[in-house]
Amino acid sequence: MLLKDKRAVVTGAAQGIGRAIAQRLAAEGARVAALDIDEVAAKAVWADSEPGRHLGFACDIANSKSVDAVFAKIGEAFGGVDVLVNNAGIGRGPDDGSDEMYAGIAERSAQIARGEIPTAHPDQMIHMSDEGWARVLAVNLNGQFYCARAAVRLMAAQNIAGSIVNIASTSAASGEGPLHYVTSKAAVVGFTRGLARELSSRRIRVNAVHPGPTNTPIMSNLPDDMIKAMEAAVPLGRMAQPEEVAAAVAFLASEQASYATGSVLTVNGGSYYV
Ligand SMILES: NC(=O)c1ccc[n+]([C@@H]2O[C@H](COP(=O)([O-])OP(=O)(O)OC[C@H]3O[C@@H](n4cnc5c(N)ncnc54)[C@H](O)[C@@H]3O)[C@@H](O)[C@H]2O)c1
């Protein structure tokens, strides 16, 4: 077991990659707190587990008061934190121009297929509201900062050589995807590298994982032809399963990765980006 007797926190753990990570860390011997904006689903992750061993909490990671309150409860229940996985993330915010962008992509493809010179554009930014931009940055970037700060306060209080894994995305390198999302994920890489240096004297390691397209509910927002094109562009020819991303996270969280900090592990089926 890679994480025997460790205490772990996973955000966005109610479904998709986060749920697979929470279950993998538990299988590796950790006690795990599953955080999600959806409280019922966060608690349901542990429906088949030994009662009381793992916990589920409601938490909006974009709200630092919500984050601090939950970490206080976890500190009491577990007696500390050894591992944080910053997984929760969103691809859309309110009035963020996504509908206009996807309509523009579809219309442009149709024009090209009809042999016309395309006049439609995949515009997102010109339709994006302040709120749409801010919400995606608040969850994907500020949320990682709030959770890391709360976790490191607990680790530092007990001089724990912990491990933080931040979920970014291949989008950070390729630029593919909604503009606020790409921006937030690129920022996560800078956050990871900077924090890794800052925390190195405490022996707390900080790494990131870049999943490529992964078969989770977030993908159900995307049009079918876009999913097909995405899969066709991956050398392995398919999306990842959430468990394949979770395996990389378990490695980085564990002492098996004792010399890895400030690094990005790409799990994307072989797509290459400079
Ligand atoms: N699925 C992919 O193809 C893919 C690719 C690259 C990166 N990622 C990243 O992996 C992570 C997980 O993605 P997923 O596909 O499993 O997504 P998902 O939408 O299936 O699950 C995300 C979870 O986060 C929760 N969540 C959303 N906002 C929250 C908030 N403010 N506070 C707490 N919880 C919140 C949701 O309720 C949900 O349970 C995200 O950071 C995503 O950007 C996913």
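Structure's up top.
Read on for a plain summary of the structure. (Residues numbered from 1 in each chain as written. Predicted model: local features only at pLDDT ≥ 70, side-chain atom pairs only at ≥ 80, totals over all residues.)

### Some words on unusual backbone geometry
Let me state the cut-off plainly: Strands here are runs of E lasting at least two residues and helices are runs of H or I lasting at least four, both read from the DSSP assignment and numbered beginning at the N terminus. As a rule, residues whose C-beta atom has 12 or fewer other C-beta atoms within 10 Å are exposed, those with 20 or more are buried, and those in between are partly exposed; C-beta atoms are placed from the backbone.
With a phi angle near 45°, D95 is a residue other than glycine that sits in the positive phi range. Looking at where D95 falls in the secondary structure, it is placed in the loop between strand 4 (83-86) and helix 4 (98-113). Looking at D95, the number of C-beta atoms within 10 Å reads 15, which means it is partly exposed. Located in the positive-phi region is R203, a residue other than glycine, with phi close to 65°. Relative to the assigned elements, R203 resides in the loop between helix 7 (179-199) and strand 6 (205-211). The partly exposed category is assigned to R203, around which 14 C-beta atoms lie within 10 Å.

### Notes on the site of the ligand
Heads up, the rule is: Residue proximity rests on one test: whether the C-beta atom, placed from the backbone, lies within 6 Å of the molecule or strand. Gly is put with the polar residues, along with every residue not named as nonpolar or charged; the nonpolar set is Ala, Val, Leu, Ile, Met, Phe, Trp, Tyr, Cys and Pro, and the charged set is Asp, Glu, Lys and Arg.
The environment of the ligand is formed by 29 residues, the closest being G12, G16, G89, T216 and I218. Listing elements by their share of the shell around the ligand, those giving two or more residues are helix 1 (16-27) and helix 5 (130-157). For the shell around the ligand, the element with the most residues is helix 1, which contributes three residues. Its residues assigned to classes, the shell around the ligand shows 15 nonpolar, 11 polar and three charged.

### Concerning the environment of S171
Test applied: Working definition of a contact: two residues with C-beta atoms, positioned from the backbone, lying within 7 Å.
Structurally, S171 can be placed in helix 6 (residues 171-174). Linking S171 and H210, residues 39 residues apart in sequence, is a C-alpha distance of 8.1 Å. Here S171 is in contact with E176, G177, Y181, V182 and K185, once residues within four sequence places are set aside.

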